[in-house]
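Read off the chains here:
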Amino acid sequence: MGLMKKFGLFFIFLLFSVLFASAEEGFVDILDLSKECGADIRADYWKGIYELKKGRTIVRFAEGCPWYLLNMNELITGLDSRVTDDGRFEIDSASAEEVKAFFAANSSVFGGIRYIVLDPGHGGKDPGAIGYFTEGGVKKTLREKDVVLSTALETAKLLKARYPDKEVLLTRGDDRYLKLEERTEIANSVELADNESMIFVSLHANASFNTAAKGFEVWYLPPEYRRNNLVDPDTVGGVDSDVIPILNTMLEEEYTIESVILGEKLLTSLDAQVGDISVNRGPKEESWFVVRNAHMPSVLIELGFVTNREEASLLSSTSYLKKLGKGIYNGIVDFINDFEQTGRTSD
Ligand SMILES: [Zn+2]
């Protein structure tokens, strides 16, 4: 072997050593990390978002973002990431170690749903939609605010009995007027631990110029609760404002998924209670975009049409409202069972 050849081999060895060393203390492929954590991986290449999930533990990364998100509510700083020429997403090995430790420590301590907020719409000086029906030859008036309050109270009663360890909150428990801020304040003011979640269910009744319209439907979020930002720039002090939209994108996708699941379960359970008398109008798909900025899984249920005389008569009956209340209760229980025991969608 000539000197040059020896030197060449040595050079190649040196090159490999350098490459190997930099890989060691440099970056870790997100796919390898998911395997090491025993987590499922989901990638949205269009948005540049990567998610590792195992049970209820979720870690989410975004390309170009120097933070990553733990369980949708905690920002971890100090992330270095890159996308390789062949399209692999890699993170720095120190962060990878943190993520591994997080999966090891947190997989079994998911706190579940701590708060269930029921929000009967309208109230006090705001009656909501008004309908009329005839009972025993007498014309009667039906007010949306009464329908939604009775139903919410029934659902709350059942939930409290079933879940003494959870907080069941009503935005109003009697006939009172609430400003919009007051309505959302209760949901936004509760203190949640890192591993706890909450859901928000708003109740309304429909009105239509078409007096034949009838049935119940679920919206994934009331437009009045639309928010522009999930992440409050003030609470993540020093965060580059360019990063806020990325974080919001990561969060909104999560809440949308949960809201859709909650909505589906509510429709199924309402159908089981009153499907033989009423009509299941299904999820409101056109509202998909509306749900984008919720702080938590949130849905709005339209219980029926007060403008349909037949349905207005039903909605005035205590036994029918009890059925609706039971249907909502069953849907929430089903969602909680799913959420707390089997984890999210992919389990
Ligand atoms: Zn309403």
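What you are looking at is a predicted structure, and each value in this text was computed from that prediction instead of being measured.

1. Some details on the overall build of the chain
- Along its length, the chain carries eight helices and 16 strands.
- When burial is assessed residue by residue, the chain has 48% of its 347 residues classed as buried.
- Across the chain, the fraction of contacts at a sequence separation of at least 24, relative to all contacts at a separation of at least 6, is 73%.
- Counting every atom, the chain has about 17000 Å² of accessible surface; 53% of that belongs to carbon and sulfur.

2. Let's talk about the environment of Phe209
- Assignment of secondary structure puts Phe209 in the loop between strand S13 (196–206) and strand S14 (216–219).
- The spacing of Phe209 and Thr307 is 98 residues in sequence and 7.6 Å in space, taken between C-alpha atoms.

3. Some details on the coordination of the zinc ion
- Bound to the zinc ion are the protein donor atoms His122 (NE2), Glu144 (OE) and His204 (ND1), situated 2.1 Å from the metal.
- By relative accessible area, Glu144 is classed as buried at 3%.
- Take His204: its relative accessible area is 9%, and that puts it in the buried class.

4. Some points on unusual backbone geometry
- Of note in this structure, His122 is not a glycine but carries a positive phi near 60 degrees.
- Mapping His122 onto the fold places it in the loop between strand S9 (112–120) and strand S10 (130–135).
- Judged by relative accessible area, which is 18%, His122 ranks as buried.

5. Focus on helix H4 (residues 144–162)
- Helix length check: H4 (19 residues) gives 27 Å between terminal C-alpha atoms against 27 Å at 1.5 Å per residue, within 8%.
- Three or more residues of H4 are buried, namely Glu144, Lys145, Val147, Val148, Leu149, Thr151, Ala152, Glu154, Thr155, Ala156 and Leu159.

6. Some details on the environment of Ala105
- Turning to its location among the elements, Ala105 is positioned in helix H3 (residues 93–106).
- Judged by its relative accessible area of 48%, Ala105 is partly exposed.
- Considering only alpha carbons, one finds Ala105 and Thr57, 48 residues apart in sequence, at a separation of 9.9 Å.

7. Some words on the confidence of the model for the chain
- Summing up the model confidence of the chain, the mean pLDDT is 80 and the portion of residues at 70 or higher is 73%.
- Here helix H1 (residues 3–25) stands out as the least confident element of the chain, with mean pLDDT 49; H4 is the most confident, with 98.
- Here residues 222–229 scores under 50 on pLDDT; set against residues more than four positions off or in separate chains, the count is 22 contacts.
- Long-range and interchain partners of residues 342–347, a stretch whose pLDDT sits below 50, account for 20 contacts in this model, where long-range means more than four residues apart.

The rules behind these values
- Residues numbered from 1 in each chain as written.
- Predicted model: local features only at pLDDT ≥ 70, side-chain atom pairs only at ≥ 80, totals over all residues.
- Heavy atoms only, no water.
- Helix = DSSP H or I, 4+ residues; strand = E, 2+ residues; numbered from the N terminus.
- Buried < 20%, exposed > 50% of the residue type's maximum accessible area, 1.4 Å probe, protein only.
- Contact = heavy atoms within 4.5 Å.
- Areas by Shrake-Rupley, 256 points an atom, 1.4 Å probe, with all protein chains shown as cover.
- Donors = N, O, S within 2.8 Å, 3.2 Å for Na, K, Ca; no water.
- Expected span 1.5 Å × (residues − 1).
- pLDDT = per-residue confidence, 0-100.

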